[in-house]
Protein chains: 2
Amino acid sequence: MGHPGRTDRPDRDGARSLRDRGVGAGGHQPGPDRDEGAHGRGGRRPGRLARVPGSGGPVHQPRDHHRGPGGDHPRHRVPQGCPGRAVGGRRHGRGPLRVRRLRGVGSLESPPRPAERVVDVVPTLQALRPRDVSGRVAVVIDVLRATSTLVTALAAGAREVRPAATPREARVRYDRLAAARGGTEGLLLGGERMGLRIEGFDLGNSPLEYTPERVSGKTIFFTTTNGTRTLRRAAGTRTGGGGARRVLVAAFLNATAVAKEVLSAEGDVVLCCAGTRGGFSLEDILLAGFIAAHLERNAPFVFRDLARAAAALYRSMAGEDGRDLARAVAAADHARHLTALGFGDDIVLCATLDTTDIVPEYRRGRVVVP
Amino acid sequence: MGHPGRTDRPDRDGARSLRDRGVGAGGHQPGPDRDEGAHGRGGRRPGRLARVPGSGGPVHQPRDHHRGPGGDHPRHRVPQGCPGRAVGGRRHGRGPLRVRRLRGVGSLESPPRPAERVVDVVPTLQALRPRDVSGRVAVVIDVLRATSTLVTALAAGAREVRPAATPREARVRYDRLAAARGGTEGLLLGGERMGLRIEGFDLGNSPLEYTPERVSGKTIFFTTTNGTRTLRRAAGTRTGGGGARRVLVAAFLNATAVAKEVLSAEGDVVLCCAGTRGGFSLEDILLAGFIAAHLERNAPFVFRDLARAAAALYRSMAGEDGRDLARAVAAADHARHLTALGFGDDIVLCATLDTTDIVPEYRRGRVVVP
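Predicted model only: the values in this text are computed from it and were never measured. (Residues numbered from 1 in each chain as written. Chains lettered and ligands numbered in written order. Predicted model: local features only at pLDDT ≥ 70, side-chain atom pairs only at ≥ 80, totals over all residues. Heavy atoms only, no water.)

Trainee: How should the packing of aromatic side chains be read in this particular structure?
Mentor: The relation between two aromatic rings is expressed through the spacing of the ring centres and the mutual angle of the planes. One pass over the structure, following the stated rule, counts 8 aromatic pairs over all chains. Measuring from ring centre to ring centre gives 6.2 Å for A:Tyr174 and A:Phe221, while their planes differ by 75 degrees; the resulting arrangement is edge-to-face. Here A:Tyr174, found in helix H7 (residues 167-181), pairs with A:Phe221, found in strand S8 (residues 219-223); they are 47 residues apart in sequence, far enough to count as distant. Here A:Tyr174 falls in the buried class, since its relative accessible area comes to 1%. A relative accessible area of 1% places A:Phe221 in the buried class. Between B:Tyr210 and B:Phe222, the aromatic rings sit 6.3 Å apart at their centres with planes inclined by 85 degrees, giving edge-to-face as the arrangement. In this pair, B:Tyr210 is assigned in the loop between strand S7 (196-197) and helix H8 (212-215) and B:Phe222 in strand S8 (residues 219-223), connecting sequence segments 12 residues apart. A relative accessible area of 2% means that B:Tyr210 is categorised as buried. Geometry around B:Phe343 places B:Arg145 over its ring, the cationic atom sitting 4.3 Å from the centre. (Phe/Tyr/Trp six-rings, centres within 6.5 Å; stacked < 30°, edge-to-face > 60°. Helix = DSSP H or I, 4+ residues; strand = E, 2+ residues; numbered from the N terminus. Buried < 20%, exposed > 50% of the residue type's maximum accessible area, 1.4 Å probe, protein only. Lys NZ or Arg CZ within 6 Å of the ring centre and 35° of its normal.)

So, in structure tokens, the structure goes:
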């Protein structure tokens, strides 16, 4: 690409003429030289905000990460402290307190931290970032079917469930514990890939398999495509610490119990939906909405967009009393996929509210009922 | 970690004893040797489905990408074609047609392609994958404020808008065109970073600035944090082709016109929300919901989860007639952030339905009214 030519540019609302007259921050002469010097002396870095004489409001002074063609051309260096121009003069008449608040970048990046507890929802495993869960109470949701199966297994008396990222990891840990104990007594392998039981595993991912007869008193090594990974990511295992302060396991089966536990806990709340194949899952958002709506009714919280949307969605699709919940869940993409695989009965079970009041928690690699 | 010891494992529903008797697929002797051989001779790869004698249903035979400790131990190689065990016997009594359909992996990964047009919604720029838009009609949505500003500018008579990824790119392209033309007559620079006009730019990202007096007949180089990137990603510029067949630009200001254009177009539809700072934006999902609800009323479409949810959300939060739209948008996180920056009037404008019937389209790097 050619070197950009220098062209005459018309005066823009006087900004150019002010600059030419040397009216900058503190009266210093702005220009490329001063810009370089400011960098070298630890002055303001580009990309920060400046409020300057002759300006009707703050402007953003860019610090380009992606330098395009002509990136070193002096024409494209933005002098620091040169006069800006107001956008519609919206700032006129604001007091000095307001001006001080606008000086920092942080105060513009997010609204000031409210005193109330925040409720947020993350729609998929893939969208879950460490900062979404850090220090918060995380609720992991994978209605179809991982968390429904976990809740069912523990309600049926399973001793604990140890989530594994892969079938191989589950098998290796199973074998290791069996070797240490001198037998496989009391151990089970469970989980799915592509919705189906894994070759050689005792159990699949259908909650209907996790009966008291099969699982009571057992330690279950368990792996699913999204659910177990969401547990780990929420806990910070994969991201090297900085995870949630607590990780609760939610299904419709224990939804009210989880909501009550969240209410009685401290700190901000993030409802982490596993999603399906990287995308949004209606059934997960509906459960997030059920919990959010419960919190909304019982205490003052600050709802982030998706938390507010999920609560409205639950009321709209399932009804305030959950009357239409089974129908709403059955219409979800993944429910129809599982029904086609022959797991229609699972959908009915997983869309049932409050069959148990246990609140499983993920702690040090194990899901247990505390 | 120690090498896993070999342990006695109790017979699981007869699978072990069948295997020991050599009853595998086609009567071949299963085992690690056969497994290795199958790989070498181009046989079935692990990770596919098998329906085998002695099995009550398909099981998933894993192909682990993440080999854990003991990954080469023969204990952990899964022989191909060895007998599986049914999950609850759900497949009994199904005909051979059903069995054939289950043989391929593809038929399990997604439901069979329906004849109707599909409507999907992608919640954020970050979640937008090439396969979400490939060959589809894409509608790009960034209500606060990029697409509202684009629609306003073109409705005010701007000749065209050329989106740029960065302020620097916008400036370089502006300068290059000015040099070629011998002047900046008819050219403008517009856009924002952190919600504010960029230093040295003619216009910010407030639609109120884009009046006929300012922009009529002009070519505008335009950059915003999320909106312009979403346009490009939908068009496939960044992803090396495979983009949408058409990329339409939607705001509430032209919402019904966009919905009608989508109705009269051909092919699947994806509503691409820009989102805010990597997260879900309520105002974008509401517009996606408005368009989805319009499509739902006027033709048979297949709605993916988030499209169905967005339509329900729009009806729930804005009302069937949009009566509560302004209030719903004003309550969104990003709206409150912009209001704190002094852009409250923008929120009111951006939440206004159908002020124009233009449908801007992004073609070869330019947003124009065709």
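Back to the text.
Trainee: Whenever I open this one, unusual backbone geometry confuses me. Can you help?
Mentor: Glycine aside, the phi torsion of most residues is negative, and most peptide linkages are trans. With an omega of 5 degrees, the peptide bond between A:Leu144 and A:Arg145 qualifies as cis. Of note, A:Arg145 is situated in the loop between strand S4 (137-141) and helix H6 (146-155). Phi at B:Arg277 takes a positive value of approximately 50 degrees, unusual for a residue other than glycine. With respect to the helices and strands, B:Arg277 occurs in the loop between strand S10 (269-273) and helix H11 (282-298).

Trainee: What is the right way to read helix H9 (residues 227-235) of chain B from this model?
Mentor: An α-helical turn contains 3.6 residues, so a residue and the one three or four places further along point in the same direction. For H9(B), the full list of buried residues reads B:Gly227, B:Thr228, B:Thr230, B:Leu231, B:Arg232 and B:Ala234. Remark: B:Gly236 follows H9(B) within two positions and exhibits a positive phi of approximately 90 degrees.

Trainee: Sorry, what's going on with the nonpolar core here?
Mentor: With 110 residues, the main nonpolar core has A:Leu271, A:Ile291, B:Leu271 and B:Ile291 as its most contacted residues. In this view, A:Ile291 contacts A:Val139, A:Ile141, A:Ala250, A:Ala255, A:Val258, A:Ala259 and A:Leu271; residues no more than four positions away in its chain are not counted. (Core = buried A, V, L, I, M, F, W, Y, C linked by side-chain atoms within 4.5 Å. Contact = heavy atoms within 4.5 Å.)

Trainee: When you look at the confidence of the model for chain A in this model, what are you seeing that I'm missing?
Mentor: Caution applies to low-pLDDT parts of the model: their predicted coordinates are not meant to be read in detail. Residue and element names in this part refer to chain A. Taken residue by residue, chain A gives an average pLDDT of 77. The fraction at 70 or more is 68%. For the stretch residues 1-56, pLDDT sits under 50, and the model shows 107 contacts to residues farther than four places along the chain or on other chains. Of the regions scoring below 50 in pLDDT, residues 64-109 engages in 113 contacts with residues more than four places distant in sequence or in other chains. (pLDDT = per-residue confidence, 0-100.)

Trainee: Would you take a moment to explain the packing of helix H12 (residues 305-318) of chain A against helix H12 (residues 305-318) of chain B for this structure?
Mentor: Axis angle and axis distance: for two packed helices, these are the angle between their axes and the distance between the axes, and together they describe the pair. Where H12(A) contacts H12(B), the axes come no closer than 9 Å and their chain directions differ by 90 degrees. By the criterion of interaxial angle, the relationship of H12(A) to H12(B) is roughly perpendicular. Contacts from A:Arg308, A:Ala309, A:Ala312, A:Leu313, A:Ser316 and A:Met317 of H12(A) reach H12(B) at B:Arg308, B:Ala309, B:Ala312, B:Leu313, B:Ser316 and B:Met317. Among the residues forming the contact of H12(A) with H12(B), the class breakdown is 8 nonpolar, 2 polar and 2 charged. (Axes fitted to C-alpha atoms, helices over the stretch in contact; angles between N-to-C directions. Parallel < 35°, antiparallel > 145°, perpendicular 65-115°, else oblique. Nonpolar A, V, L, I, M, F, W, Y, C, P; charged D, E, K, R; others polar.)

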